[in-house]
Each structure stands twice: as structure tokens, then as C-alpha cells.
Amino acid sequence: MEISKSKEWHDLQLHYENTHNVKMRDMFDADMYRFEEFSIVHDDFLFDFSKNRLTSETIGLLVKLAEKAGLQAKIDKMFAGKKINTTEQRAVLHTALRNFSDEPVKTDGVNVMPGIRAVREHIKNFVDAVRSGAWLGVTGKRITDVVNIGIGGSDLGPAMASTALKHFSGNLLNVHYVSNVDSTDILDTLENLNPETTLFVIASKTFTTQETLTNAKTAKKWFMSRIAHIEKDMTNHFVALSTNEKACVEFGISPNNMFHFWDWVGGRYSMWSAIGLSVALYVGYENFEEMLKGAFEADEHFRSAHFRENIPVLMALISVWYNNFFGAASQAVIAYDQNLLKFTEYLQQLDMESLGKSVTLSGEKLAINSGQIIWGTIGTNAQHSFFQLLHQGTRLVPADFIATIKNNDPESDHKAILLSNFFAQTEALMRGKTEEEALHELRSEMKEEAEILKLLPHKVFEGNKPTNTILINELTPKSLGKLIAFYEHKVFTEGAIWDINPFDQWGVELGKQLAKRILPELAADCRVHSHDSSTNGLINYSKTKRYSI
Ligand code: F6P
């Protein structure tokens, strides 16, 4: 039975109808312990969900919904290596990649942990060799630059983590991420690089992705034409991260320079695997392992904490509450930390590629909405671009606010200014400004009553806009790992409630198929008639202009 037909869903619907107009500011005024009741401290994390349109009863009903959906059994199945990715007949074991217990983790009766440890060892030895200068280029020079070529999950997670952990890099190596098939991306990157000191990391689970292979070929051509005489000269300059050994070898990368992973690691969940190699090269193996350990802590919490005290479960339930009952179509994520510049972009793939589904696991059309649109950027920049809509727009946009407390620049007041804005925004979104308050303020500033009344409606803030706050003591490899894993499990929980598969991505295939058909048509010296009139028209127009612009 679809979850929206359940008694638990119906109870939540009734609860919504009875409570959706309740004002958060009234709830705060009535209960001085609201923050204590609706916040959780987990080591170096504080998760405050008190600025939400919910009560203890709401949480109770949402927890019942999670129980109805069989969440605990689904969590246990994932960690136990069951083939929960049913449309691809695969287990889902990214959690095993960051498992530091002595317990075996089995899928198909085989313990995957020895293989994982062997790849970790391979990564460690390689990273240590490159960073120490023991690994030299073909002309005997040290590697100074790493170019990660990958896309989607083979790019976004590692690129985000490298940006976030810049201060842990020790400035030993520069790391560059190339993803787009638009040649500007790779050519701009290569422009300032020396082939003698450059290492290419070709990151592709399948090693068939068009963008990655095209960029990898361009990199190989660039390298070969500058310093190489034979393919063997590539040996210390090209490594591959993949599950597809045959394709890597065909490309010219020796199996010794391949870092393996497995089909039970989903692309957008793969930064914990060999796909994280560029992060490890950049920040060192120990820091990379710390990131895995942070994620492992999040895993332990997710597996064992009661749903009422379980951070990712609560994040998911709150998200379901606004999505399915208040009809919120999107969710903003705003990190007040420059190092988290790429966090929302990374989260877009994690969340939307996982939850953008419209059928249940058994293939029935969903009667309710699934994944929301995830968007946002860093604060305070966001305040000067889209916050107007959050504060006074007509749409409900629940938002996650993330900040780190430690001040890395104690001599200046930047951090205090940043955090004052951070705290002010969630307060403003929650409280708003009533007509009475706005009137009082205007009268203290202006004399002309007619002018005051004209301006008044524009000065009112409805408030009651929900936010979660995640406060992290300090951005470290460990806390970053934990933050990412919390979001992974939030996504898992939503998928479990809607009974969809958050581990496949068939929706990306159709566009790929059509692009394959169009590619030779672009090269052919004739007009195209095989598509709808718009697509034909666009292709033909571009063909006529291509040579004349
Ligand atoms: O966009 C589709 C997708 O399959 C993602 O899920 C994946 O992360 C990305 O392409 C890259 O795939 P690969 O690592 O196989 O090159």
C-alpha cells in the first residue's frame, strides 16, 4: 500500500489542517524551553530544529510514519548489504567504505571489507609517494598539479571536499577539477600546466561517460604531443578510478595505476571510495581517512539513535512535512562558511538525482510529490541575492542554515559579522515583523501619516518561515565527513518513506540516447528532418550559422 493511503499519513494530514496556521513566534513565546526540546547535540554538531512549524505531536506523528514505512528494517538492509537497489540488482554499501569496525560486511555471501582495506592501502601508498616526491614524472620531476577528470558523482563530491578542506592541504599540490565537455573547461585548466609535473586522475565508475572520456582523450593528446614519445611515458601521469578495468587498459592506463571500486557504490555516493583519490592527494591520506571516520560516526548514529533523536531522520521527516503537507516545492541550503562554497551544488546531485522519481519500488505511479528542488549558495552572499523572496515572497521555502563556529582569523571581526548575520536571518525568518511593529517603526522614522500608511504593507514580514540550523564547532575533515553522511542518510530516509529507489538514475538516460543520435547529424552535410520541427529547426539553424559566425 502506498504510504499516502496509510492511517499514519491521514493522521498527519488532519494534524496539518489543525495546526498549519500556528505561528512559531507564539510557540516560542509560550515555551521558553522550545530550543532545548527541539535541538540535538551530537559531539561537535548542534542540530536545532526548533524554528519549524511543528510541535512534539508533529514529531510523534512523523516518527509513526517512518515506522509505518519500515524505516529501521530498510536501514538495516542497506548496512547488511542486501540488494536494495532493485532496478539495478545491486547492494548499496557506500557505508562499508567508511566502516572502521572489525565486523565483516557481506554481500552475496562475500565479505567486502578486505577489498576495501586493500584499496585504502593502495590509495595511502600512492598519496604518500606523490606528496613526498617519491613518485616522479617521466622527466624526473615532482608532481605539482593534479587534474581530476570526471563528472557528476565522480566530480562534485571530491571538488566540494577539496574546496572545503583547502586549509588542510599543506599547499603541497594544486588540484583542478575538469568536468564539462565544453572544451573551455579542460583547455583553460591545461593552459597554465606543465605536462612534466602534471598528474591526471581519470575518475569514472563506468569509464564510458562521454564527457569524461572526451576530456581524458584531450588530456592524453595534450600530454603526448608535449613530452611523450610512447604510451609508456604516460605511466606516472595518468591514473584511473573505476570499476571497468578493461576500458581503462584500452585507454592506455596500466592496471597497476587503477584504483578499484565496486558496482555497489553509487556514483553520487562514491567520494568515500577510490573516487576520493584527488581529495586524498590534496589533503593527505590521514585527512582523507578522518573524513571517512566522520562519516562512520554519522552512520553509527543513523543506525542506532531513536528516530526522535536521529539527526538525518529528523531532517528527512521535517522535509517530508513541508514537501507533502505544506506543498513546499523547494528547499534552500545556505552555508555561512566560504569553504562550503560548493556544498549546495554537490547536494543537488545527491538529493535530486536520488529523489527525483515518480514511481514506487514496485513501479506504481506515486500519488504524492517526491524530491524537492534543492538550491542555494553561501551566506552572506545569498542575503544580497535571493533572500528577499525567502522573507517576503509568496512561496514557502524551508531552508537549512549551516555555520561553523571556530574563528580562523581571530584578529579580525569577519567571523562575528558573519555569525551575527547567520543568527539574525533565521530569527527574522521565524519572527517576521507584524503590521503593528512595522507601523511603530515607521512612525518613529517618518512624520507624514499618509506616507506611512502607503509604505506600511511593504514593510511587513509575514514570518513563520521554517529553518533548520546546523552549527558545527569547526570545519575539519571529520566534521565534513559527518555533515555529508547526515545528508546522505536524510536522502535515504525520504526515499524509504516514499518507497522509491534513491540509488538509480534512469532519468539521465533519455537525453544521452538522443545526444548520441544528434552527434553524427551535426557533422553531416545536409539538413535534418528526423525530429520534431523545433529540434530540426534548432539543429538546422545552428548548422547554417556554424561556418558563418
Ligand atoms: O549523471 C549520470 C551519472 O551516471 C551519475 O550518476 C554519475 O555520478 C555520473 O553520471 C558519472 O558517471 P561515471 O562515474 O560512470 O563517469
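Residues numbered from 1 in each chain as written. Predicted model: local features only at pLDDT ≥ 70, side-chain atom pairs only at ≥ 80, totals over all residues. Heavy atoms only, no water.

A. Region of interest: the site of the ligand. In the neighbourhood of the ligand, 13 residues make up the surrounding shell, with Ser 154, Ser 204, Thr 206, Thr 209 and Glu 353 lying closest. Here Thr 209 contributes a side-chain N or O atom positioned 2.5 Å from an oxygen atom of the ligand. Between the ligand and Glu 353, the relevant distance is 2.7 Å, taken from an oxygen atom to a side-chain nitrogen or oxygen of the residue. In isolation the ligand has 390 Å² of accessible area, and contact with the protein removes 87% of it. Considering only residue class, the shell around the ligand consists of two nonpolar, nine polar and two charged. (Near = heavy atom within 4 Å. Polar contact = N/O pair within 3.5 Å; in protein donor to acceptor, adjacent residues only side chain to side chain. Areas by Shrake-Rupley, 256 points an atom, 1.4 Å probe, with all protein chains shown as cover. Nonpolar A, V, L, I, M, F, W, Y, C, P; charged D, E, K, R; others polar.)

B. A look at helix H22 (residues 533-546). Here H22 spans 20 Å end to end across 14 residues, near enough to the 20 Å set by a 1.5 Å rise per residue. Among the residues of H22, Asn 536, Ile 539, Asn 540 and Lys 543 are the ones counted as buried. Down the axis of H22, the buried set is contained in an arc of 95°. They therefore lie on one face. H22 presents Leu 538 and Tyr 541 as exposed residues on the side facing more than 90 degrees away from its buried surface. By the N-cap criterion, in which a side-chain oxygen at the helix start approaches the backbone nitrogen of a residue two or three places on, H22 is capped by Asp 532, the distance to Ser 534 being 3.0 Å. (Helix = DSSP H or I, 4+ residues; strand = E, 2+ residues; numbered from the N terminus. Expected span 1.5 Å × (residues − 1). Buried < 20%, exposed > 50% of the residue type's maximum accessible area, 1.4 Å probe, protein only. Arc of directions from axis to C-beta.)

C. Quick look at the packing of aromatic side chains. Throughout the structure, instances matching the rule amount to 31 aromatic pairs. Considering the side-chain rings of Phe 126 and Trp 135, the 4.7 Å spacing of their centres and the 85° angle between planes classify their relative orientation as edge-to-face. Of the two residues, Phe 126 and Trp 135, both sit in the buried class. Centre to centre, the rings of Tyr 269 and Phe 503 are 5.1 Å apart; their planes meet at 55°, and the pair counts as tilted. (Phe/Tyr/Trp six-rings, centres within 6.5 Å; stacked < 30°, edge-to-face > 60°.)

D. Layout of the packing of helix H14 (residues 311-325) against helix H20 (residues 477-498). Where H14 meets H20, the closest approach of the two axes is 8 Å, and the angle between their N-to-C directions is 50°. Judged on the interaxial angle alone, H20 and H14 are oblique. The interaxial crossing formed by H14 with H20 has right-handed handedness. Here H14 contributes Ile 311, Pro 312, Val 313, Met 315, Ala 316, Leu 317, Ser 319, Val 320, Asn 323 and Asn 324 to the contact with H20, which in turn contributes Phe 486, Tyr 487, His 489, Lys 490, Thr 493, Glu 494, Ile 497 and Trp 498. Tallied by class, residues from the contact of H14 with H20 come to eleven nonpolar, five polar and two charged. (Axes fitted to C-alpha atoms, helices over the stretch in contact; angles between N-to-C directions. Parallel < 35°, antiparallel > 145°, perpendicular 65-115°, else oblique. Left-handed = near helix turned anticlockwise from the far one by under 90°. Contact = heavy atoms within 4.5 Å.)

E. A look at the sheet that holds strand E5 (residues 145-149). Taking strand neighbours across the sheet as the criterion, the five strands line up as E6-E5-E7-E8-E9 in an open arrangement whose pairing is parallel. Because the sheet does not close on itself, it has two edges, and the strands there are strand E6 (174-178) and strand E9 (258-260). Ignoring which end each strand starts from, the neighbouring axes of this sheet average 20° apart. Judged from the three bridges that link them, strand E8 (residues 238-242) and E9 form a sheet pairing that is parallel. Directly across from Ser 242, in E9, lies its bridge partner His 260. Lying over the sheet, helix H7 (residues 113-132) contacts strand E7 (198-203), E8 and E9, oriented at roughly 145° with respect to E9. Lying over the sheet, helix H9 (residues 183-191) contacts E5, E6 and E7, oriented at roughly 160° with respect to E6. (Pairing = 2+ DSSP bridges.)

F. Quick peek at the nonpolar core. Judged by nonpolar contacts, the single largest core of 117 residues is most densely connected at Leu 277, Leu 281, Phe 343, Ile 402, Leu 480 and Tyr 487. Top element by residues in this core is H20. It accounts for eleven residues. Here Leu 277 is in contact with Ile 123, Phe 126, Val 127, Val 201, Val 239, Leu 241 and Phe 259, once residues within four sequence places are set aside. Counting residues in hydrophobic clusters, the runner-up holds 24 residues, among them Val 147, Ile 149, Trp 222 and Met 234. (Core = buried A, V, L, I, M, F, W, Y, C linked by side-chain atoms within 4.5 Å.)

G. Main features of the pairing of E7. Counting buried positions along E7 gives six out of six residues, so the element sits mostly inside the fold. On E7, burial covers both faces: Thr 198, Phe 200 and Ile 202 on one face and Leu 199, Val 201 and Ala 203 on the other are all buried. For E5 and E7, the ladder comprises five bridges, and the chain directions are parallel. In the sheet register, Asp 145 faces E7, and the bridge partner there is Thr 198. Regarding the hand of the β-α-β motif, the stretch spanning E7, helix H10 (residues 210-226) and E8 is right-handed. (Right-handed = clockwise from strand over helix to strand, strands pointing away.)

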